[in-house]
Amino acid sequence: YRRSLPPSEAGAAYDHLLRNRYRAVWDATIDGRLVRAGLRPASVREERLLDFRRAFPGLAERASQEFSRWFDAPRATHDQIVEFITAPTRSFERGSGVCPVCRLPVAEALVDAAQLSAAVRHVIESARPGWSPDEGICRQCADLYMAQHMPAIQC
């Protein structure tokens, strides 16, 4: 165990997400050992699985399998947990990993940025230097940029 996670360049929201994921995996490993030692009731497994599913919604159908990997393991290292929580493209069956704009994990395929208007693509490129439409964008970011750049509606 180490007190902190490696710093990310993705910002505070991503750091919070990683801390929550780490907590869910850590709790699963600790409670799994306590249940096997007879110090916690077996019902704790379902509580931890629910928490794990909330922390990793992108796992979908694989959540139970991935959870068992941690809950049933004799001991997990800090490095193993960090690798798991920071590598959604290796761990998640669905999805394409991380949105190149907001840097948050996505459970669905990225939107083809070519479908966005040239004006919206230009605004994104201005706000996120280095971003290319070929990289795609998550649905939430696409919706946000489109909504921000729609003409005002007169009432």
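This section reports on the structure supplied with the text. (Residues numbered from 1 in each chain as written. Predicted model: local features only at pLDDT ≥ 70, side-chain atom pairs only at ≥ 80, totals over all residues. Heavy atoms only, no water.)

Points about the packing of aromatic side chains
Note the following rule: Only Phe, Tyr and Trp rings take part, Trp by its six-membered ring, and two of them pair if their centres are within 6.5 Å. Stacked means planes under 30 degrees apart, edge-to-face means over 60, and tilted covers everything else. Helix and strand definitions follow DSSP, with helices as H or I runs of at least four residues and strands as E runs of at least two, each counted in order from the N terminus. For every residue, the accessible area (1.4 Å probe, protein chains only) is compared with the maximum for its type, and the residue is labelled buried under 20%, exposed over 50%, or partly exposed between those bounds.
Per the stated rule, a full pass over the model turns up 7 aromatic pairs. Look at tyrosine 22 and tryptophan 26: their rings are 6.3 Å apart centre to centre, the planes differ by 15°, and that puts the pair in the stacked class. Residue tyrosine 22 and its partner tryptophan 26 are both found in helix α1 (residues 12-36); the two are separated by 4 residues, about one turn of the helix. The class for tyrosine 22 is buried, based on a relative accessible area of 7%. Among the aromatic residues, those joined into a ring-pair cluster are Phe52, Phe56, Phe67, Trp70, Phe71 and Phe84.

Brief notes about the environment of tryptophan 70
We count it as follows: Here, residues are in contact when the closest pair of their heavy atoms is within 4.5 Å.
Along the chain, tryptophan 70 falls in helix α3 (residues 63-71). Judged by its relative accessible area of 3%, tryptophan 70 falls in the buried class. Linking tryptophan 70 and valine 25, residues 45 residues apart in sequence, is a C-alpha distance of 6.7 Å. Contacts of tryptophan 70, omitting those with residues within four sequence positions, involve Val25, Ala28, Thr29, Phe52, Ala76, Gln80, Ile81 and Phe84.

Describing the nonpolar core
Definition in use: What is meant by a nonpolar core is a set of buried Ala, Val, Leu, Ile, Met, Phe, Trp, Tyr and Cys residues, joined one to another through side-chain atoms within 4.5 Å.
With 22 residues, the main nonpolar core has Val25, Phe52, Phe56, Trp70, Ile81, Phe84 and Ile85 as its most contacted residues. Looking at this core, the elements with two or more residues in it are α1, α2 (44-55), α3 and α4 (78-86). Top element by residues in this core is α1. It accounts for 7 residues. Judged by nonpolar contacts, the second largest core, of 14 residues, contains Cys99, Ala113, Cys138 and Tyr145.

Quick word on α4
Heads up, the rule is: To obtain the arc, one takes the directions from the helix axis to the C-beta atoms.
Along α4, the positions that sit buried rather than exposed are His78, Ile81, Val82, Phe84 and Ile85. On an axial view of α4, the arc spanned by its buried residues comes to 165°, and they lie on one face.

Topic: the packing of α1 against α3
Worth spelling out the cut-off: Note on geometry: axes are lines fitted to C-alpha atoms, helical ones only across the stretch in contact, with angles between N-to-C directions running from 0 to 180 degrees. Any angle that is under 35 degrees is reported as roughly parallel, and any over 145 degrees as roughly antiparallel; angles of 65 to 115 degrees are reported as roughly perpendicular and all others as oblique. Classes in brief: Ala, Val, Leu, Ile, Met, Phe, Trp, Tyr, Cys and Pro nonpolar; Asp, Glu, Lys and Arg charged; the others, Gly included, polar.
Between α1 and α3, whose axes approach to 7 Å, the crossing angle comes to 60°. Between α1 and α3, the angle falls in the class oblique. Between α1 and α3, the contacting residues are Val25, Ala28, Thr29, Asp31, Gly32, Arg33, Val35 and Arg36 on the first element and Phe67, Trp70 and Phe71 on the second. Among the residues forming the contact of α1 with α3, the class breakdown is 6 nonpolar, 2 polar and 3 charged.

As for the pattern of salt bridges
Keep this limit in mind: The salt bridge criterion pairs a side-chain nitrogen of Lys or Arg with a carboxyl oxygen of Asp or Glu, the two atoms within 4 Å.
Using the criterion set out here, one finds 8 salt bridges in the structure. Between arginine 23 and aspartate 27 there is a salt bridge, with its nearest N and O atoms 3.3 Å apart. Within this pair, arginine 23 and its partner aspartate 27 are both found in helix α1, separated by 4 residues, close to a single helical turn. The partly exposed category is assigned to arginine 23, whose relative accessible area is 32%. Measuring nitrogen to oxygen at the nearest pair gives 3.1 Å for the salt bridge that ties aspartate 143 to arginine 139. Here aspartate 143 and its partner arginine 139 are both found in helix α7 (residues 139-148), 4 residues apart, which amounts to about one turn of the helix.

Shape is all these values report; function is a separate question.
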